[in-house]
Amino acid sequence: MTTERSLDPVPEMSGGIAALARVRIVLVETSHPGNIGAAARAMKNMGLGRLTLVAPRRFPDAEATARASGADDILQRARVVPDLAAALADCSLVAGATARLRTISSPVLAPREAGTALLEAAAGGAEVALVFGRERSGLTNAEMARCHYLVQIPTAPGFSSLNLAQAVQVLAYELLLAAGAPRPRPPDQDAYPPATSEQMEGFFRHLEQVLYAVGFLKPPQSRTLMRRLRRLFLRARPDCNEINILRGILSAVDEREE
Ligand code: SAH
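How each quantity is defined
Here the residue numbers are simple positions, counted from 1 along each chain's written sequence. At least 70 in pLDDT is required for a residue's local features to be given in this predicted model, at least 80 for side-chain atom pairs to be given and counted, and no such filter applies to totals for whole chains, interfaces and linings, which use all residues. Only hydrogens and water are removed before side-chain values are computed, so all heavy atoms of the structure are retained for them. Secondary structure follows DSSP: runs of H or I at least 4 residues long count as helices, runs of E at least 2 residues long count as strands, and numbering of each begins at the N terminus. Our radius of gyration is a C-alpha quantity, and the globule rule it is checked against amounts to 2.2 Å times the number of residues to the power 0.38. For the exposure calls, accessible area comes from a 1.4 Å probe over protein chains only, and a residue counts as buried if that area is under 20% of its type's maximum, exposed if over 50%, partly exposed in between. The domain limits used here are those given by an automatic or database domain assignment. What makes a patch is a set of residues exposed beyond 30% relative accessible area and free of salt bridges, joined within 9 Å when like-charged and within 5 Å when nonpolar (Val, Leu, Ile, Met, Phe, Trp, Tyr). To measure how exposed things are, a 1.4 Å probe is used in the Shrake-Rupley method; for residues, cover is taken only from the protein chains shown. Salt bridges are counted wherever a side-chain nitrogen of Lys or Arg sits within 4 Å of a carboxyl oxygen of Asp or Glu. The convention is simple: Lys and Arg are positive, Asp and Glu are negative, and His and the chain ends are not counted. Each charge is placed at NZ for Lys, CZ for Arg, CG for Asp and CD for Glu. Seen with the strands pointing away from the viewer, any crossover whose path from the first strand over the helix to the second strand runs clockwise is right-handed. The set of buried Ala, Val, Leu, Ile, Met, Phe, Trp, Tyr and Cys residues whose side-chain atoms join them within 4.5 Å is what this entry labels a nonpolar core. We call two residues contacting when some pair of their heavy atoms lies within 4.5 Å. To estimate the expected span of a helix, count its residues, drop one, and scale the result by 1.5 Å. A fitted line through C-alpha atoms serves as each axis, taken over the contacting stretch for helices, and the angle formed by two N-to-C directions is quoted from 0 to 180°. For this classification, under 35 degrees means roughly parallel, over 145 means roughly antiparallel, 65 to 115 means roughly perpendicular, and everything else is oblique. Take the far helix as your reference; a near helix turned counterclockwise from it by less than a right angle gives a left-handed crossing, and one turned clockwise gives a right-handed crossing. Each residue is assigned to one class: nonpolar for Ala, Val, Leu, Ile, Met, Phe, Trp, Tyr, Cys and Pro, charged for Asp, Glu, Lys and Arg, and polar for all the others, Gly among them. Scored from 0 to 100, pLDDT reflects the predictor's confidence in each residue. By convention in this text, a residue qualifies as near a molecule or strand provided that one of its non-hydrogen atoms is within 4 Å of it. Any N or O atom pair separated by 3.5 Å or less is treated as a polar contact, with the protein-specific requirement of one donor-capable and one acceptor-capable atom, and with residues adjacent in sequence counted only for side-chain atom pairs. Of the two site types, the cavity is a set of points on a 1 Å grid over the protein atoms alone where a 1.4 Å probe fits but cannot get out, and the pocket is an open set with protein on both sides within 12 Å along at least five of seven lines, each lined by residues with an atom within 4 Å of a point. Molecule-in-pocket calls rest on the fraction of atoms, with more than half required to lie within 2 Å of the cavity or pocket grid points.

Peer 1: What should I look at first to understand the overall build of the chain in this one?
Peer 2: Scanning the chain from terminus to terminus reveals 11 helices and seven strands. In terms of overall dimensions, the chain is more spread out than a globule: its C-alpha atoms have a radius of gyration of 28 Å, far above the 18 Å expected for 258 residues. For the chain, the C-alpha atoms occupy an extent of roughly 85 × 40 × 35 Å along the three principal directions. Out of the 258 residues belonging to the chain, those deemed buried represent 41%.

Structure representation (structure tokens):
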């Protein structure tokens, strides 16, 4: 049970959803099963579902399941293969995520460009993969050479290596954006329409009348003051419920005055 305010569930998303489901995340020789679980969770949060593990050191593993916290279906469906060639055999577009760009074998894309390129290709029916390297040593030059593109997440200078699952999270988020991410919706009970001009003018008349009645407004400066107050309340763009509350306050003052 979750009480968190949530976005529209991913299945309500426009066309991108089918494409998103076709993007394959490939983790190469992962050492820590916790990272595999955390990557699965990051994937599920962002609407991705296909995980391929190349020769993981420990899998399946209780730590992976624990860190997946609810994304264990992705772990159960994960494909385990002996080498990268097997993971990518049927893919026609492959991007490799790398913290380092020592020997650049392929064009380097920013995360947003990579998200768009992979999603577009997947939407066109292609099998596409996003490959992540080992915790300690990343991807080898030979593995990077298999990629059509490399993707680097920008970081602070001199500290470019993200945790594996966090790198998966950032790039999965870009894929979700490329698919047309759902926008947050405020809960319905908050959705009052903005006050109309007529409601605003009714409020200003009421305000002016009460401010006179309590002796706050006095003829010479009253125009300037009312102009200032109008500017203040118009800037706030109150909704009609808020105007009702303000008028309720004015009425309460009015009644005391009588
Ligand atoms: N020490 C390794 C980094 C390994 S981090 C190295 O220097 O290469 C594990 C994996 O997370 C990397 O292989 C890469 O796929 C991904 N990753 C980490 N930081 C990244 C970054 N800034 N941009 C893109 N991918 C990154």
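Once you've had a look at it, read on.
Peer 1: Please explain the domain arrangement of the chain as it appears in this structure.
Peer 2: By a widespread convention, an interface's size corresponds to the accessible area lost as its parts come together. Here the chain is partitioned into domain 1 (15-178) and domain 2 (197-257). Taken over C-alpha atoms, the centre of domain 1 sits 58 Å from the centre of domain 2.

Peer 1: Help me understand a positive patch on the surface, please; the structure alone is not making it clear to me.
Peer 2: Side chains of R223, R227, R228, R231 and R235 sit close together on the surface and give a patch of like positive charge. Within the element layout of this structure, R228 appears in helix α10 (residues 219-236).

Peer 1: Got a minute to help me understand the pairing of strand β2 (residues 50-54) in this structure?
Peer 2: Among the five residues of β2, four are classified as buried, and the element is accordingly described as predominantly covered. Assessed by its sense of winding, the connection that carries the chain from strand β1 (residues 23-28) through helix α2 (residues 33-45) to β2 is right-handed.

Peer 1: Please explain the nonpolar core as it appears in this structure.
Peer 2: One broad trend across soluble globular proteins is that nonpolar side chains are buried collectively. If you look at the biggest cluster of nonpolar residues, it comprises 44 residues, and the most contacted ones within it are I25, L27, L48, L51, L130, F132 and L175. Counting residues per element, this core draws most heavily on helix α8 (residues 164-178), at eight residues. Aside from chain neighbours lying at most four places away, what touches L175 is L20, V23, L48, G115, L118, L119 and L130. Counting residues in hydrophobic clusters, the runner-up holds 15 residues, among them V54, V81, V94 and M144.

Peer 1: Hey, could you run me through α2 in this one?
Peer 2: Helical geometry note: an α-helix holds 3.6 residues per turn, so side chains three or four residues apart project in the same direction. When the terminal C-alpha atoms of α2 are compared, their 19 Å separation across 13 residues agrees well with the 18 Å that a helix rising 1.5 Å per residue should span. With respect to burial, α2 is a largely interior element, 10 of its 13 residues being buried. Taken together, the buried positions of α2 are P33, G34, N35, I36, G37, A38, A39, A40, A42 and M43. Structurally, α2 contributes buried residues whose contacts are with β1, β2, α3 (62-68), α4 (72-77) and α8. Backbone geometry just downstream of α2 places G47 in the positive-phi region, at approximately 85°.

Peer 1: Got a minute to help me understand the packing of helix α9 (residues 197-213) against α10 in this structure?
Peer 2: Each pair of packed helices can be described by the angle between their axes along with the distance between the axes. The geometry of α9 relative to α10 is characterised by a closest axis approach of 11 Å and an angle of 140° between their N-to-C directions. As summarised for this structure, α9 and α10 are arranged oblique, according to the angle between their axes. The two elements α9 and α10 meet at a crossing, and its hand is right-handed. Of the residues in α10, those touching α9 at M200, E201, F203, F204, L207, E208, L211 and Y212 are P219, S222, M226, L229, R230, F233 and L234. Split by residue class, the contact of α9 with α10 holds 11 nonpolar, one polar and three charged.

Peer 1: What's the story with the confidence of the model for the chain in this structure? I'm lost.
Peer 2: Reading predicted coordinates in detail is not appropriate for stretches of low pLDDT. Averaged over all residues, the pLDDT of the chain is 91; the fraction at 70 or higher stands at 91%. A low-confidence stretch, residues 9-13 stays under pLDDT 50, and its non-local contacts, those more than four residues away or across chains, total eight contacts.

Peer 1: Just checking my understanding: could you explain the site of the ligand for this structure?
Peer 2: Among the 20 residues in the neighbourhood of the ligand, the closest are listed as A97, R100, I153, S160 and L162. I153 places a polar main-chain atom, nitrogen or oxygen, 2.8 Å from a nitrogen atom of the ligand. Note that a nitrogen atom of the ligand is positioned 2.8 Å from one of the backbone N or O atoms of S160. Against a free-state accessible area of 550 Å², the protein chains account for coverage of 93% of the ligand. With respect to the detected pockets, the ligand is housed in the second largest pocket. Class assignment for the residues of the shell around the ligand results in eight nonpolar, eight polar and four charged.

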